[in-house]
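Residue-level structure breakdown
Chain by chain, the residues run as shown.
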Amino acid sequence: MNPFQLDPNPLTFNAISLAIVGLASLVYLLRLKEKSACTRLITLGLACFTAGRLAAALSCIVLWGGALVPLANACSTASLAAMAAFLYCYPSPSHGRAARLVRILVAAASLLALAFSLDYAYQILARRAFGLSRPAAFESLYPLTFLITWCASVHRTVSLQPGGFPSRRTAWKAYLHPQGRPARLVRNLSLALSIGLIQGVAHVGLVPPPAGLMLADLATLLMLAALVHLSFDVTAQQPGLVVRLVGLSLVILLAILDVTGLYQVNLTANWILERNRSMVAETQRALQQSAGLPDDLDGLPAGIVYLLARPQGDSPGADWRLVYARSPGFDARPLLQELRSAQLPPVWSYFLETYLSAGEASRPDAIYRRYGDHPAGSYAQYAAYRFEQAGVEYEAGLDLAGLSRFLQVQSASTTWIVLLGALFILFIFPLFFQTNLIRPLDRLLKGVRQADAGDLNIQVGVTHNDEVGYLATAFNKMIASLRQELDGRQNAEAELRQLNLTLEERVANRTRELEALYDVTAASSQAQDSQALFTALLERSLAALRTPLGFILLFEGYAGRQCLKLAAGQNVPPDWLPHFTASHTPGDWAAV
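Bear in mind that the values here come from a model prediction, so they are computed numbers and not experimental data.

Section: a nonpolar patch on the surface
- A surface patch of nonpolar side chains, amounting to about 780 Å² of accessible area, comprises Trp416, Leu420, Leu423, Phe424, Phe427, Ile428 and Leu431.
- Within the element layout of this structure, Leu423 appears in helix 14 (residues 405-452).

Focus on the sheet that holds strand 5 (residues 392-399)
- The sheet built from 5 strands is open, its strands ordered 2-1-5-4-3 with antiparallel pairing. Each having just a single partner strand, strand 2 (321-325) and strand 3 (367-370) make up the two edges of the open sheet. Averaged over neighbouring strand pairs, the angle between their axes works out to 30° when direction is ignored.
- Of the strand pairs in this sheet, strand 1 (residues 304-311) and strand 2 are connected by 4 bridges, and their pairing is antiparallel. What sits directly across from Leu308, in strand 2, is Leu322.
- Helix 10 (residues 241-290) contacts strand 1, strand 4 (382-389) and strand 5 of the sheet and is inclined by roughly 45° relative to strand 4.

Notes on the state of the cysteines
- Counted by the stated rule, this structure contains 0 disulfides.
- Not part of a disulfide, Cys89 finds its nearest cysteine sulfur in Cys38, a span of 3.7 Å.

Observations concerning the packing of aromatic side chains
- Under the definition given, this model contains 10 aromatic pairs.
- Ring centres of Phe86 and Tyr90 lie 5.7 Å apart, and the angle between their planes is 20°; this geometry places the pair in the stacked category. Exposure class is identical for Phe86 and Tyr90. Each is buried.
- Ring centres of Tyr306 and Tyr382 lie 5.3 Å apart, and the angle between their planes is 80°; on these two criteria the pair is classed as edge-to-face. Of this pair, Tyr306 sits in strand 1 while Tyr382 sits in strand 4, and the two are 76 residues apart along the sequence. Taken as a pair, Tyr306 and Tyr382 share a single burial class, namely buried.
- Site record: aromatic cluster; members linked through ring pairs are Phe116, Tyr120 and Phe138.

A look at the nonpolar core
- Of all hydrophobic cores here, the largest spans 76 residues; its most connected members are Phe86 and Leu189.
- Those residues in contact with Leu189 that lie beyond four places of it in its chain are Met83, Phe86, Leu87, Leu227 and Leu230.
- With 24 residues, the next largest nonpolar core counts Tyr394, Leu400, Leu403 and Leu407 among its residues.

Digging into the pairing of strand 4
- Counting buried residues along strand 4, 7 of its 8 residues qualify, which places the element largely inside the surrounding structure.
- With 8 bridges connecting them, strand 4 and strand 5 associate as antiparallel partners. Directly across from Ala384, in strand 5, lies its bridge partner Gly397.

Examining the pairing of strand 5
- Burial analysis of strand 5 places 6 of its 8 residues in the buried class, which makes it a mostly covered element.
- Between strand 4 and strand 5, which follow one another and run antiparallel, lie 2 residues, and Ala390 among them has a positive phi close to 55°.

Calculation criteria
- Residues numbered from 1 in each chain as written.
- Predicted model: local features only at pLDDT ≥ 70, side-chain atom pairs only at ≥ 80, totals over all residues.
- Heavy atoms only, no water.
- Patch = residues over 30% accessible without salt bridge, like charges linked within 9 Å, V, L, I, M, F, W, Y side chains within 5 Å.
- Areas by Shrake-Rupley, 256 points an atom, 1.4 Å probe, with all protein chains shown as cover.
- Salt bridge = Lys/Arg side-chain N within 4 Å of Asp/Glu carboxyl O.
- Helix = DSSP H or I, 4+ residues; strand = E, 2+ residues; numbered from the N terminus.
- Pairing = 2+ DSSP bridges.
- Axes fitted to C-alpha atoms, helices over the stretch in contact; angles between N-to-C directions.
- Contact = heavy atoms within 4.5 Å.
- Disulfide = S-S within 2.5 Å.
- Phe/Tyr/Trp six-rings, centres within 6.5 Å; stacked < 30°, edge-to-face > 60°.
- Buried < 20%, exposed > 50% of the residue type's maximum accessible area, 1.4 Å probe, protein only.
- Core = buried A, V, L, I, M, F, W, Y, C linked by side-chain atoms within 4.5 Å.

This is the structure:
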């Protein structure tokens, strides 16, 4: 018999969901370039947790004896041990007595759990040793490690207070309102572990199986998400916006799929229970009509594979005989041998453990697991219902694969939805975010950096008319306004500089004019005759005008005509003199 038997169920897609989250977080942490000791411990814890979830998913495939079930438990124990070691490594390594004791206890528990689980899997898969029992000490390793880790997180939260370890009266206040970032981070870790307590409450039977299973799945998923978010605060390189959005979307999607899938499977399982009760009732009616004669049992429901009977009151396992078999070649000897043998230890079987047994809680002895043709202790082949009628005890066997076929189909479809949904979020969502959010934000951030560096000739492209596009448009308007204001300020400064230069020139010219006027006035008061006056006036005027050549002409009237006379001159060319002495009419002079 092949030990690899595909049998997906709600535990399968829940384990796959947790494994996907763990793998995605593990890949992110492994890709970090800078890893501190705390980061390595968190990475180790996530790796162990992910391995445990993968083992839980594979245990639904390797059903022969539930070989990998203890391994899932052991990996979870090792994950908690890594978290406990992290508590006494952050923010700085602690080597106190409590730290050493906690490290020794959790390390010993995880090593024992891993050793037993690996040996358990080896005995079943390699040596075909079925019917192995798991000692109670192994089952207690995980809750013990969980309790130690949670208590250590509370103790570390209180001890990391800036003022030292508080008194007993103020310890709970220090835990609820820790001071300082290290204390708050460790407190958050303890709160994340506290979510796992909900899983324990659901597993001990305080909540009915369907609701308890949903509650346990959600608690585990939330605890993992809280631990992953906690790891982001420890790493030196903080995750980007895409990583946070993808992680949040993945957790929300998987939580919705878990709840939806479990609800649908619960409806299917309830339908299976009702169908089983109906078949047992029809079997009882058929026996009543046939008076228990095997030849008249052709009217039994199609789901009944075999029917065993024995007189009521006989010793257990004695005188069982086959009274009906659906298949003509049905071999009842393995069943009869199993009935005569000692009670075999139960093996993991989700359908029987959770739904069939829960549906018959009023009569826990009404359902039995029969291995049939399968090796005893491997996995059940039949689900047997017992009832009494007319002084005869009957056992009606139903094919377990047929009973859970609808449940398997439902779980398999949900498992594929979980896988495809997770792949879509991990690979398609980042592309969507990259195109519609990250790239526009990168362009806007680039523009902000250029503007901060003093380059106002930047224009951010607007590709989408959304919130990011509105921000880009507002940024472009702001840059244009700043550029216009800067240009106006530069123009005003240039005009002011030009005005200053012109003002200096005007002042200088006016000063020269005043100086020239003063010199002319002074020369007029000092001159003794007109010729000396004209000569002094010409010198002062040429000095004020800054020119070496100049002359003064006088008008003289002679015989009704007006003539020009050179009164004073300086550096006048000789060939200009005849022109000065030439006579001109007033009209000619005006024309000149």
